[in-house]
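Listed here are the chains, written in short residue letters.
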Amino acid sequence: MNSPVIQLLVLAGIAIFLIVKLRRTLGTRDGFEKPPASRTDDGFSSRRDFEVIDGGADRDADDDSEELGPTDAALAEMNRIERDFTVSDFLAGARYAYEMIVAAFADGDLEEIKPFLSKEVFQSFEKTVETRSEQGRFVETEFLGFRETKINSAYFCKETREAEISVQFVGEHRTRVVDETGEIIEGDQETISKRTDNWTFARVFGTNDPNWLLVATG
C-alpha cells in the first residue's frame, strides 16, 4: 500500500473519531454551523475570546453517592449509566448550543434549532419572534464570549433515567433593535452588556438518542 493511501486512511480515521466525539458532547447538531468571527459593514466586530470559568467537577462513577450533595450525586449517577459522560464535555456542548440558539433566536430562524428545544420552549420562542415581526422590530445581536459557565443543579431519576442539568451562562453581548428601514430603535453598536442566563437541559440516559433538549430558560 503506497504512502498517499495510508495518509488518506489515517485522516479518515481521525475525522470519524472527531465526529463521534462531537455527537457525544451534546447530541447531534444537524443544521448548526459555528458562526465565523468577522467584522460586518455596520461596525459590529468579531467575538472576543475570554477565559471561561467552568463550574462543577467531574465525578467518578465509583464515588459514594451517599457522601455527595444532590447535584454531584446526580452527575455521578449519569456517569454510572453512561461512562463517557463528563461535566467538562457537557459544558462544552452546552456552550456551543447556547451560541447557536441565541443567534438563531435573534435572527428569528427557529426551524434549524427546533430539534434542540422542548415543545414548550419552541412555542415560547416562536411567539416572541412573531410578535417582533408584527411590530416591525428586528434584533441584531453579537455574542462576544463567555465569562463563566457553571452547573447550578442536576437531577437524575434512577427509575426513568431522566436527567436535568441547569446551567448558568455569563456572557458579553452587543445587541440592538432596528426597524424595517434599518433605523436603530434600541441599543447601539458600541455598548457591551453582560448577560446572565439560566438554562435547563434534559434527556433520558441509556437510550439511542444522545440529544439534550433545552426545556427551560431564565
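Residues numbered from 1 in each chain as written. Predicted model: local features only at pLDDT ≥ 70, side-chain atom pairs only at ≥ 80, totals over all residues. Heavy atoms only, no water.

### Describing the overall build of the protein
Helix and strand counts for the protein stand at four helices and six strands. The order of helices and strands in the protein, counted from the N terminus, is α-β-α-α-α-β-β-β-β-β. Among the 218 residues that make up the protein, the fraction classed as buried is 38%. If you take every contact in the protein between residues at least 6 apart in sequence, the share linking residues at least 24 apart comes to 67%. Summed over its atoms, the accessible surface of the protein is roughly 12,800 Å², and 50% of this surface lies on carbon and sulfur atoms. (Helix = DSSP H or I, 4+ residues; strand = E, 2+ residues; numbered from the N terminus. Buried < 20%, exposed > 50% of the residue type's maximum accessible area, 1.4 Å probe, protein only. Contact = heavy atoms within 4.5 Å. Areas by Shrake-Rupley, 256 points an atom, 1.4 Å probe, with all protein chains shown as cover.)

### Examining the pattern of salt bridges
Inspection of every chain in the model, using the stated rule, returns five salt bridges. Put simply, Glu 142 and Arg 174 hold a salt bridge, and the shortest N to O gap is 3.3 Å. Taken as a pair, Glu 142 in strand S2 (residues 138-156) and Arg 174 in strand S3 (residues 162-178) lie far apart in primary sequence, 32 residues in all. Classification of Glu 142 as buried rests on a relative accessible area of 9%. The shortest N-O distance in the salt bridge between Glu 172 and Arg 147 comes to 3.2 Å. (Salt bridge = Lys/Arg side-chain N within 4 Å of Asp/Glu carboxyl O.)

### Comments concerning the environment of Glu 111
Here Glu 111 shows up in the loop between helix H3 (87-107) and helix H4 (119-134). Note: C-alpha distance between Glu 111 and Phe 122 (11 residues apart in sequence) is 9.3 Å.

### Details of the nonpolar core
In summary, soluble globular proteins display a tendency toward joint burial of nonpolar side chains. Met 78, Phe 90, Ile 165, Phe 201 and Trp 212 are the most contacted members of the largest nonpolar core, which has 34 residues in total. Apart from the residues lying within four places of it in its own chain, the contact partners of Phe 201 are Phe 90, Ala 94, Ala 163, Glu 164, Ile 165, Val 167, Phe 169, Trp 212, Leu 213, Leu 214 and Val 215. (Core = buried A, V, L, I, M, F, W, Y, C linked by side-chain atoms within 4.5 Å.)

### Here's the deal with the confidence of the model for the protein
Overall, the prediction assigns the protein a mean pLDDT of 76, with 69% of residues at 70 or greater. At the low end of the mean pLDDT range in the protein sits helix H1 (residues 3-26), at 44; at the high end sits strand S6 (residues 213-217), at 96. Note on residues 3-12: pLDDT is under 50 here. Beyond four places in sequence and across chains, it has two contacts. Long-range and interchain partners of residues 14-53, a stretch whose pLDDT sits below 50, account for 85 contacts in this model, where long-range means more than four residues apart. (pLDDT = per-residue confidence, 0-100.)

### Considering the environment of Glu 77
Assignment of secondary structure puts Glu 77 in helix H2 (residues 70-81). Judged by relative accessible area, which is 11%, Glu 77 ranks as buried. Counting along the chain gives 78 residues from Glu 77 to Tyr 155, while the straight-line C-alpha distance between them is 9.6 Å. Those residues within four positions of Glu 77 in sequence are excluded, and the remaining contacts are Phe 156 and Lys 158.

### Section: the pairing of S2
Moving residue by residue along a regular strand, the side chains alternate between the two faces of the sheet. In the sheet, S2 pairs with S3 via 16 bridges, with the strands oriented antiparallel. When the bridges of S3 are listed, Phe 143 appears paired with His 173. Between S2 and S3, which follow one another and run antiparallel, lie five residues, and Arg 161 among them has a positive phi close to 60 degrees. (Pairing = 2+ DSSP bridges.)

### Some thoughts on H3
A rise of 1.5 Å per residue sets the reference length of H3, with its 21 residues, at 30 Å; its end C-alpha atoms lie 30 Å apart and thus fit the reference within 8%. Where burial is concerned, most of H3 is hidden: 15 out of the 21 residues are buried. Once H3 ends, the next one or two residues include Gly 108, with phi positive near 75 degrees. (Expected span 1.5 Å × (residues − 1).)

### Focus on H2
Look at H2: 17 Å from first C-alpha to last across 12 residues, which is about the 16 Å you get at 1.5 Å a residue. Of the positions making up H2, those classed as buried are Ala 73, Ala 74, Leu 75, Ala 76, Glu 77, Met 78 and Asn 79.

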